[in-house]
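Listed here are the chains, written in short residue letters.
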Amino acid sequence: MSDYINKLPTSVADLEEDAHILHDYEGAVSRWCHGCGDNAILTALQKLCAEEQLPPEKTVFASGIGCASRLPHYMGTYGFHGLHGRALPVAEGIKIKRPDLHVFVNTGDGDCCSIGAAHWLHAVRYNMNMTVMLHDNRIYGLTKNQVSPTSPKGLVTSTTPRGATLQPLNAVAATLGMSNVSFVAQAADWVPGILYDILHLAFLHRGLSFVSILQRCPHYLPGHFDEYIKNPERTLLLTHPNGLQPDEASARRFKSREEHDPADLSRAQALAVMDDKLALGILYRNESIPCYEDMYRREQHLPIEDKIAALEREFDRFTVKPEL
Ligand SMILES: Cc1ncc(C[n+]2csc(CCOP(=O)(O)OP(=O)(O)O)c2C)c(N)n1
Ligand SMILES: [Mg+2]
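How each quantity is defined
- Residues numbered from 1 in each chain as written.
- Chains lettered and ligands numbered in written order.
- Predicted model: local features only at pLDDT ≥ 70, side-chain atom pairs only at ≥ 80, totals over all residues.
- Heavy atoms only, no water.
- Donors = N, O, S within 2.8 Å, 3.2 Å for Na, K, Ca; no water.
- Helix = DSSP H or I, 4+ residues; strand = E, 2+ residues; numbered from the N terminus.
- Buried < 20%, exposed > 50% of the residue type's maximum accessible area, 1.4 Å probe, protein only.
- Near = heavy atom within 4 Å.
- Polar contact = N/O pair within 3.5 Å; in protein donor to acceptor, adjacent residues only side chain to side chain.
- Nonpolar A, V, L, I, M, F, W, Y, C, P; charged D, E, K, R; others polar.
- Salt bridge = Lys/Arg side-chain N within 4 Å of Asp/Glu carboxyl O.
- Phe/Tyr/Trp six-rings, centres within 6.5 Å; stacked < 30°, edge-to-face > 60°.
- Core = buried A, V, L, I, M, F, W, Y, C linked by side-chain atoms within 4.5 Å.
- Contact = heavy atoms within 4.5 Å.

Colleague: Explain the coordination of the magnesium ion (ligand 2) residue by residue, including any values.
Modeller: For a metal with four tetrahedral donors the ideal donor-metal-donor angle is 109.5 degrees, whereas six octahedral donors ideally subtend 90 or 180 degrees. Looking at the magnesium ion (ligand 2), the protein donor atoms are Asp-109 (OD), Asn-137 (OD1) and Ile-139 (O), and they sit 2.1 to 2.2 Å from it. Along the chain, the residues that donate to the magnesium ion (ligand 2) are spaced as D-x27-N-x1-I. On the criterion of sequence distance, the pair formed by Asp-109 in helix α5 (residues 109-115) and Asn-137 in the loop between β4 (130-136) and α7 (171-176) is long-range, its members being 28 residues apart. Asn-137 sits in the buried class, given a relative accessible area of 7%.

Colleague: A description of the site of ligand 1 should follow, citing residues and the corresponding values.
Modeller: Surveying the vicinity of ligand 1 reveals 16 residues, the closest of which are Cys-67, Asp-109, Asp-111, Gly-141 and Leu-142. Contacts to ligand 1 include Cys-67, whose backbone N or O atom sits 2.8 Å from an oxygen atom. The separation between an oxygen atom of ligand 1 and a polar main-chain atom of Ile-139 is 3.0 Å. Counting residues per element, the shell around ligand 1 draws most heavily on α5, which supplies 4 residues. Residue composition of the shell around ligand 1, grouped by class: 7 nonpolar, 7 polar and 2 charged.

Colleague: Which residues make up the pattern of salt bridges, and what values go with them?
Modeller: Inspection of every chain in the model, using the stated rule, returns 10 salt bridges. Here Arg-98 and Asp-100 are joined by a salt bridge, their closest N and O atoms 2.8 Å apart. Between Glu-248 and Arg-252 there is a salt bridge whose closest N-O contact spans 4.0 Å. Of this pair, Glu-248 and Arg-252 both sit in helix α10 (residues 248-252), separated by 4 residues, roughly a single helical turn. One network of salt bridges, with partners in common, ties together Lys-58, Arg-98 and Asp-100.

Colleague: Can you lay out the packing of aromatic side chains for me, pointing to particular residues and giving the numbers?
Modeller: Applying the stated criterion across every chain yields a total of 7 aromatic pairs. Taken together, a centroid distance of 4.5 Å and an interplanar angle of 5° make the contact between Phe-61 and Phe-104 stacked. Taken as a pair, Phe-61 in strand β1 (residues 59-63) and Phe-104 in strand β3 (residues 102-108) lie far apart in primary sequence, 43 residues in all. Residue Phe-104 is classed as buried on the basis of its relative accessible area of 0%. Note on Phe-104 and Phe-203: the rings are 5.8 Å apart at their centroids and 5° apart in plane angle, and the pair reads as stacked. Separated by 99 residues along the polypeptide, Phe-104 in strand β3 and Phe-203 in helix α8 (residues 192-204) bring together distant segments of the chain. The exposure class assigned to Phe-203 is buried, which follows from its relative accessible area of 15%. The structure contains a cluster of three or more aromatic residues connected by ring pairs, namely Phe-61, Phe-104 and Phe-203.

Colleague: I'd like to hear about the nonpolar core, residue by residue, with values.
Modeller: Most often, soluble globular proteins have nonpolar side chains that are buried together. Leu-45 and Val-211 are the most contacted members of the largest nonpolar core, which totals 43 residues. Those elements that provide at least two residues to this core are α3 (38-51), β5 (183-188), α8, β6 (208-214) and β9 (278-285). The element best represented in this core is α8, accounting for 8 residues. Setting aside anything within four residues of it in sequence, one finds Leu-45 in contact with Phe-61, Leu-71, Met-75, Phe-104, Asn-106, Met-133 and Leu-199. Counting residues in hydrophobic clusters, the runner-up holds 37 residues, among them Ala-87, Ala-91, Ile-96 and Val-105.

Have a look at this one:
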C-alpha cells in the first residue's frame, strides 16, 4: 500500500507532465464534409489513444489515398499518407523495423478492396500486430463518385450510370476466409459507443485486427445506410464475455442481440453474409496465430557465430573448386 502511495503524483504539475490529454492527439483541422462518417472514426481514435495513453511519438497512422486516407493528417501522432492501395505494405514496413510502435491503418473500400486487394490478403496472412480500419462508404469519395467493389448492385454512380452490374464484395466475409485471419469485427460510424468499444478491443488484440466500419458519405450517397439507421430491427448486436460487452444501457438500444462466441469461425461466416440484418461486434478472434514480426525477429537475433556459419554455408554452395 505504501508503495502505491509513493507512486501517486504529488502535484497537478506532475500529472500534466506525464499524462496525455485528448488535445495531444489532435492534428490539422479536418477537411471532410459535414456529416461524413470519417469524423466519428477520428473522434473514436483520438479517445482511444488518450484512454490507452499511447505516446504520440510511438504511434503511427498509415494510409493509402482517398478521403479516409487523410486521417493521419488529423492525428497529433506520426503518420504516413502513402500511395493508393499501399497503406498495408507501408504499415508492415514500419512494424517490421519498429515493432515497438503502435501501428494503425486507415484505408478506404477502393484503397483496400480494389487497387490494394492483393496487399490485404497477404497482410492478413502475415498477421502483424496492427489495427486496420476499412472505412467502407461503398463509393470512391475523393475522386467523386465512382463505383467501388463494395457498391451494392444497381447503385448509380458516375462510372455506372445504369447502375452497378456486379454483386458487391463482402469485405468481412472475404477476410474471414483468408489464411491466418486472427481478428475480424464490424462497426458503424453512426453508433459511436459501439464503434469505440470495437476499436478498443481491436487495439488490444495481438495480431492484425481488421475492423470494417460502415461509413456514411452524405455528399455522394445521402441516406444510403438509412435502411439500418431508421430501422433498428435490422442491426444485430453481437455480445460475448470474450467479445463485446457493452453496458446494459447501450445494449438495450438494440432490439436484436445475439450471444456470439468469437472463437466460432463458421458462425462468424454465417453472420457476415446475412441479407436481412447487419451484424455489429466482434465476429472472430483467435489469439493463437503467431505474428510475423515475432518470427522475423527471432531469426534476426541468431547468435553471431550462427549467422557467420550460415553465410559460410551459402558461399560454399557457390564456390567453384578447381578440378584436381
Ligand atoms: C495509382 C492510382 N490510381 C488511381 C488513383 C485515383 N484515386 C485516388 S483515391 C481513389 C479512390 C478512393 O476511394 P476509397 O479508397 O473508397 O476512399 P474514399 O475517398 O471513399 O474514402 C482513386 C481511384 C490514384 N491516386 N492512384
Ligand atoms: Mg470509399
